[in-house]
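Overview (structure and organization)
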Amino acid sequence: MKVTNAEIVISAVSQKQYPNDQLPEVALAGRSNVGKSSFVNKLIHRKNLARTSSKPGKTQTLNFYKINEAFYFVDVPGYGYAKVSKKEREKWGGMMEEYFETRDTLKAVLLITDIRHEPTKDDVQMYAFLKHFELPVIVIATKLDKVPKGKHAKHLKRTKQTLQVAPEDTVIPFSTETGQGKDESWSAIRSYIKI
């Protein structure tokens, strides 16, 4: 998909701030330092629409990025970062729960994991949480270029098994370095937002 227009519209902390133009939305969830911003930037062919940070836990709001005036990517706060206070984590948890539970225009969630490692307890919990809300999930297993070719299948299988990926959900190996998985990611996204 060719992205000609991408802009951040709002950083929201509650329902009343969400855009109300009824465009379809795809949320991005993942651990704090898993590379969500790099994934978005690679997908839309921009250097820094989504700001990458060396400090994990930087996203503290729901960031709505409007793409081609047709749909939104919604970046939710990263999880599993220890340096954030318990109170702060609870606040994010409430904010994400409200979004996942109430948002009619949310069509699918991209769960970003690191293919080099077994999904963490937090990843497993997040996947289960999304399935609890009956949301379609596309698992993006990033950092594929860091795994030897001969081990791709083994690592992919481990990701699927650890998360207990439902048969209707997709797992896409992805590399921001080589762009592998980019076309597959777009076609999975488009199948949910129907554009």
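Just above, that's the structure.
First, a word on scope: everything that follows refers to the structure included in this document. (Residues numbered from 1 in each chain as written. Predicted model: local features only at pLDDT ≥ 70, side-chain atom pairs only at ≥ 80, totals over all residues. Heavy atoms only, no water.)

1. Description of the packing of aromatic side chains
This model, assessed by the stated rule, comprises 11 aromatic pairs. Here Phe100 and Phe129 contribute two aromatic rings whose centre-to-centre distance is 5.8 Å and whose plane-to-plane angle is 80°, an arrangement assigned as edge-to-face. Here Phe100, found in helix α2 (residues 86–102), pairs with Phe129, found in helix α3 (residues 121–132); they are 29 residues apart in sequence, far enough to count as distant. Phe129 gets classed as partly exposed once you look at its relative accessible area, which sits at 21%. Site record: aromatic cluster; members linked through ring pairs are Tyr18, Phe64, Tyr72, Tyr99, Phe100, Phe129 and Phe133. (Phe/Tyr/Trp six-rings, centres within 6.5 Å; stacked < 30°, edge-to-face > 60°. Helix = DSSP H or I, 4+ residues; strand = E, 2+ residues; numbered from the N terminus. Buried < 20%, exposed > 50% of the residue type's maximum accessible area, 1.4 Å probe, protein only.)

2. A short note on the packing of α2 against α3
Interaxial distance between α2 and α3 falls to 10 Å at its minimum, and their mutual angle equals 35°. Here Met96, Glu97 and Phe100 of α2 come into contact with α3, specifically with Met126, Phe129 and Leu130. (Axes fitted to C-alpha atoms, helices over the stretch in contact; angles between N-to-C directions. Contact = heavy atoms within 4.5 Å.)

3. Some remarks on the sheet that holds strand β3 (residues 62–67)
Taking strand neighbours across the sheet as the criterion, the 7 strands line up as β1-β3-β4-β2-β5-β6-β7 in an open arrangement whose pairing is mixed. Sheet topology places β1 (6–12) and β7 (170–173) at the edges, where each strand pairs with a single neighbour. Adjacent strand axes in the sheet meet at a mean angle of 25°, parallel and antiparallel pairs treated alike. Taken together, the 6 bridges between strand β5 (residues 106–114) and strand β6 (residues 137–142) define a ladder with parallel strand orientation. (Pairing = 2+ DSSP bridges.)

4. Description of the nonpolar core
Tyr99 and Phe100 are the most contacted members of the largest nonpolar core, which has 35 residues in total. Counting only elements with at least two residues in this core, the list comes to β2 (25–30), β3, β4 (71–75), α2, β5, α3, β6 and α4 (152–163). The leading source of residues in this core is α2, at 5 residues. Every residue in contact with Tyr99, bar those within four places of it in the chain, is listed here: Tyr18, Glu25, Ala27, Leu62, Phe64, Val74, Val76 and Leu106. Leu28, Ile44, Ile138 and Phe174 belong to the second-largest nonpolar core, a separate cluster that totals 24 residues. (Core = buried A, V, L, I, M, F, W, Y, C linked by side-chain atoms within 4.5 Å.)

5. Side note on the packing of helix α1 (residues 36–44) against helix α5 (residues 182–193)
At a closest axis distance of 10 Å, the pairing of α1 and α5 adopts a crossing angle of 90°. Taken together, the axis directions place α1 and α5 in an arrangement best described as roughly perpendicular. Seen from α1, the contacting residues are Phe39, Lys42, Leu43 and Ile44; seen from α5, they are Lys182, Ser185, Trp186 and Ile189. Looking at the contact of α1 with α5 residue by residue, the classes come out as 5 nonpolar, 1 polar and 2 charged. (Parallel < 35°, antiparallel > 145°, perpendicular 65-115°, else oblique. Nonpolar A, V, L, I, M, F, W, Y, C, P; charged D, E, K, R; others polar.)

6. Considering the side chain of Thr159
Relative to the assigned elements, Thr159 resides in helix α4. Accessibility expressed as a relative area gives 0% for Thr159, which makes it buried. Residues within four places of Thr159 in sequence aside, it is in contact with Thr113, Ile115, Pro119, Val139 and Val171.

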